[in-house]
Amino acid sequence: MSGPLLDIRGLTIGIPNRNGPPLQIVRDLSFDIMPGEIFGLVGESGSGKSASALALMGLNRRPLTTLKGQALYGGQDLLAMSRRSMRKLRGDRISMIFQEPMTALNPLARIGSQIAEMFVLHRGLSWSDARPKAVEALAAVQVPDPEGRARAYPHQLSGGLRQRVMIAVAMACRPDLLIADEPTTALDVTVQAEVLRLIRELCEREGTAVLLISHDLGVIAQMCQRVGVMANGRLLELRDAKALFTDPRHPYTQGLLAALPRLGSRAVEGRHRLADLDTAIDRNAPGFAETYLRPRGEAA
Amino acid sequence: MSAATLPSPASEPILSVKDLHVRFPVAGGLLRQRRIVHAVNGVDLAVQPGQCVSLVGESGCGKSTTALAIMGLQAPSSGAIIVEGRPVYGPGAPDRLARARLAQIVFQDPFSTLNPRETIGRALSQPLMLHGVKDRCERVDRVATALRQVGLLPEHATRYPHEFSGGQRQRIGIARALILGPRLIVLDEPVSALDVSIRAQIINLLMDLQQDLGLSYLMISHDLGVVEHVSDRVAVMFAGQIVEEGGWREVFTAPAHPYTRRLIETIPNPARLTGGAQDILPPAPEPPSGTRFWPPIDQRPEIGRPPEPSTFVDIGDDHRVRVRVG
């Protein structure tokens, strides 16, 4: 069996403080992602999941600083890499999509050239060779009329189409890892279903691994093989998806699942009050500090 | 089973919407000809006192336009909206002030409805002032009561909107809706911008308030998990029309219209992974003989084309679906 694609060890992110210990946003985060795997990171706002993803991409801005840790990718530590080599890797071997595609797309450039740019920058193609490849990439993400859409500007597309364009940009160079940070949170449910299916099918075909970040337990359950639950900057539980949802161990995970109005639960449980994480869970209790991190493959 | 949850026919609905149409003219196309968008196309709804009725659908289906029309913020092209026995539009319609006491609305993003330079106390007491509560002590008192009702503290009245978290802001939005004591509250995506734990707290609060104050809700939402959890009745809207309507149990356990079924199927649901029996949709029922479910869901109706005639038929005790004859 080959080793992990990305091995994150003890990632700690924080804000340095001249007069004392740094304020830690993410503490001692360790997990790995296997080639082709869809790994989910779930947590609420402020849990540190996005800061962790941005650290991997070398995109955190001051004062947020990576204080400790390694992220090994093909023998190299992403966190210790020069900006220059990181820029080469980013978009080529590791790429990222965000919640709001409109903020990631250039409003003044046509869709086609924003995709073609990837081939020019990372593959050294000429613009005239890159353009037909951009149309192919649009076709691969099932955008109807790819040739016409390549000439369109971002504002002329719907939210779902824009996210498909972002996926086309991210997948253009067939990366090893796609980091998807809340990719469908802004979309309608039926569009969300289509975009999720597209990500899964495309990554399966290209052998791309996915780090899927979401606050939506449903999305995570549907997409991921393994799931990490983050809260307060720490990884509390890391399990096979099925084990996590059938038999959550950490009180926070249990609370999170009980706070979710699940479709189909009312017929069984009635119109009950939902669990209140703030009152049901004492984040300072000793039990909260415990973690449930199961190695891959081990039965739950 | 479902007969017990049926409202007694004698009770007067607190809100009734009858054959509501809202059309917008849009310029466009060749020769700039004017076309008409049928945003809302013949919606019928009734909310009984103390009930929560949910209107479900995706962006652009007309659910928010319906909500705005009910609030008196979007004049209908035709049809009637009656709140507590009084028509919202036309002769005999209450003026803005009177309307504000009948129905209030809670928006998805309360921050955008609050003046950043005004304290919460001021924002909450202003409606009281406008509605003739002259005594300052009484206003302070009522603001404190409203803040307590939504789980905040009277001291919060001196703070500004930016000092509150997202969940607290939504509580303020609810307090603002409650301050004039309306019996009907329209909830427009009240929890979709919130985190799981905050969402649970706000849903619990809304359920508590409904019970304690005898409120009636019309909830607009695309989150079917939330809708199933809190609603008494559910109406599913697609392309300006209600395509399925009924008690929550009927709609969620025996969804009939292809659009309702698609919505339920496409919700990512952890229960699917754990193999919960309740997750499996029952087989699709056949439409009543000689009809087909309407409208077809794979083609969006063309802009500017009036919708084709269809009818709403009973398919169960408390369950109706839109079909077309022939």
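Residues numbered from 1 in each chain as written. Chains lettered and ligands numbered in written order. Predicted model: local features only at pLDDT ≥ 70, side-chain atom pairs only at ≥ 80, totals over all residues. Heavy atoms only, no water.

Labelled according to an unreviewed UniProt entry, chain B appears under the name Glutathione import ATP-binding protein GsiA, originating from Paracoccus aerius. Checking UniProt for chain B, the heading Sequence similarities (unreviewed entry) contains the comment "Belongs to the ABC transporter superfamily. Glutathione importer (TC 3.A.1.5.11) family." UniProt, in its Catalytic activity (unreviewed entry) section for chain B, records the words "glutathione(out) + ATP + H2O = glutathione(in) + ADP + phosphate + H(+)". (UniProt positions renumbered as here; feature names shortened; annotations may be inferred.)

The name an unreviewed UniProt entry gives chain A is ABC transporter ATP-binding protein, with Paracoccus aerius as the organism. Here chain A is described in UniProt, under the heading Sequence similarities (unreviewed entry), as follows: "Belongs to the ABC transporter superfamily." According to the UniProt record, the Subcellular location (unreviewed entry) comment for chain A is "Cell inner membrane".

Chemist: Even after reading the chapter, I still don't get the overall build of chain A, so can you show me in this structure?
Modeler: The helix and strand tally for chain A stands at 14 helices and 11 strands. Considering only C-alpha atoms, chain A reaches an extent of 60 × 55 × 40 Å along its principal axes. Counting every position in chain A, which comprises 300 residues, the buried fraction comes to 51%. Counting only contacts in chain A whose residues sit at least 6 apart along the sequence, the fraction spanning at least 24 positions is 69%. Counting every atom, chain A has about 13,600 Å² of accessible surface; 48% of that belongs to carbon and sulfur. Of note, chain A has its 37 positive side-chain charges centred 5 Å away from the centre of its 31 negative side-chain charges. (Helix = DSSP H or I, 4+ residues; strand = E, 2+ residues; numbered from the N terminus. Buried < 20%, exposed > 50% of the residue type's maximum accessible area, 1.4 Å probe, protein only. Contact = heavy atoms within 4.5 Å. Areas by Shrake-Rupley, 256 points an atom, 1.4 Å probe, with all protein chains shown as cover. Lys, Arg positive; Asp, Glu negative; His and termini not counted. Charge placed at Lys NZ, Arg CZ, Asp CG, Glu CD.)

Chemist: Looking at this model, I keep getting lost on the interface of chain A and chain B. Mind explaining?
Modeler: Interface size is commonly expressed as the accessible area that is lost once the parts come together. Contacts between chain A and chain B engage 37 residues on the former and 38 residues on the latter. Carbon and sulfur atoms supply 57% of the area buried between chain A and chain B, which totals about 3,600 Å² over both sides. Considering only the side of chain A, the residues that lose the most area to chain B are A:Leu263, A:Arg266 and A:Arg271, jointly responsible for 24% of the buried surface there. For the pair chain A and chain B, the number of links is one salt bridge. Here A:Arg273 ties to B:Asp208 by a salt bridge, and the two come within 2.5 Å at their closest N and O atoms. Inspection of the region where chain A meets chain B yields 12 residue pairs in polar contact (both at pLDDT 80 or more). Secondary-structure elements contributing two or more residues to the side of chain A that touches chain B are helix H8 (189-206), helix H9 (217-223), helix H10 (241-246), helix H12 (266-269) and helix H13 (277-280) of chain A. (Buried area = accessible area lost by both parts, 1.4 Å probe. Salt bridge = Lys/Arg side-chain N within 4 Å of Asp/Glu carboxyl O. Polar contact = N/O pair within 3.5 Å; in protein donor to acceptor, adjacent residues only side chain to side chain.)

Chemist: In this structure, what is going on with the UniProt feature "domain: ABC transporter" (unreviewed entry) in chain A? I would like to understand it.
Modeler: In this structure's numbering, the residues bearing the UniProt feature "domain: ABC transporter" (unreviewed entry) are residues 8-257 of chain A. Summarising residues 8-257 of chain A: 41% helix, 25% strand, and an end-to-end C-alpha distance of 26 Å.

Chemist: Help me out: how do you make sense of the pattern of salt bridges in this one?
Modeler: Any two side chains of opposite charge can pair if their charged atoms end up close together. Overall, the coordinates contain 23 salt bridges over all chains when judged by the stated rule. B:Asp223 serves as the salt-bridge partner of B:Arg199, at 3.1 Å between the closest nitrogen and oxygen. Pair noted here: B:Arg199 is in helix H6 (residues 196-213) and B:Asp223 is in the loop between strand S8 (216-221) and helix H7 (224-230), with a separation of 24 residues, a long-range link. For B:Asp223, a relative accessible area of 21% translates into the label partly exposed. Taking the shortest distance from any N to any O, the salt bridge between B:Arg320 and B:Glu245 comes out at 3.2 Å. Taken together, the positions of B:Arg320 in strand S13 (residues 319-325) and B:Glu245 in strand S10 (residues 241-247) put the pair 75 residues apart, joining distant regions of the chain. Given a relative accessible area of 9%, B:Glu245 falls into the buried group. Connected through shared salt-bridge partners, A:Asp92, A:Arg93, A:Arg123 and A:Asp176 make up one network.

Chemist: Looking at this structure, I do not really get the pairing of strand S7 (residues 177-181) of chain A. What am I missing?
Modeler: Walk down a regular strand and you will see the side chains alternate between the two sheet faces. All names here are of chain A. Here S7 lies mainly inside the structure; five of its five residues are buried. Of the two faces of S7, the one carrying Leu-177, Ile-179 and Asp-181 and the one carrying Leu-178 and Ala-180 are both buried. When strand S6 (residues 94-97) meets S7, the two strands line up parallel, connected through four bridges. Paired with Met-96 across the bridge in S7 is Ile-179. (Pairing = 2+ DSSP bridges.)

Chemist: Even after reading the chapter, I still don't get a positive patch on the surface, so can you show me in this structure?
Modeler: Together, A:Arg61, A:Arg83, A:Arg84, A:Arg87 and A:Lys88 make up a region of like positive charge exposed at the surface. Position of A:Arg61 relative to the elements: it lies in the loop between helix H1 (49-56) and strand S4 (65-73). (Patch = residues over 30% accessible without salt bridge, like charges linked within 9 Å, V, L, I, M, F, W, Y side chains within 5 Å.)

Chemist: For this particular structure, what's the right way to read the environment of A:Arg87?
Modeler: Residues and elements named next belong to chain A. Among the structural elements, Arg-87 can be located in helix H2 (residues 83-89). We classify Arg-87 as exposed; its relative accessible area is 59%. With 40 residues separating them along the chain, Arg-87 and Trp-127 place their C-alpha atoms 20 Å apart.

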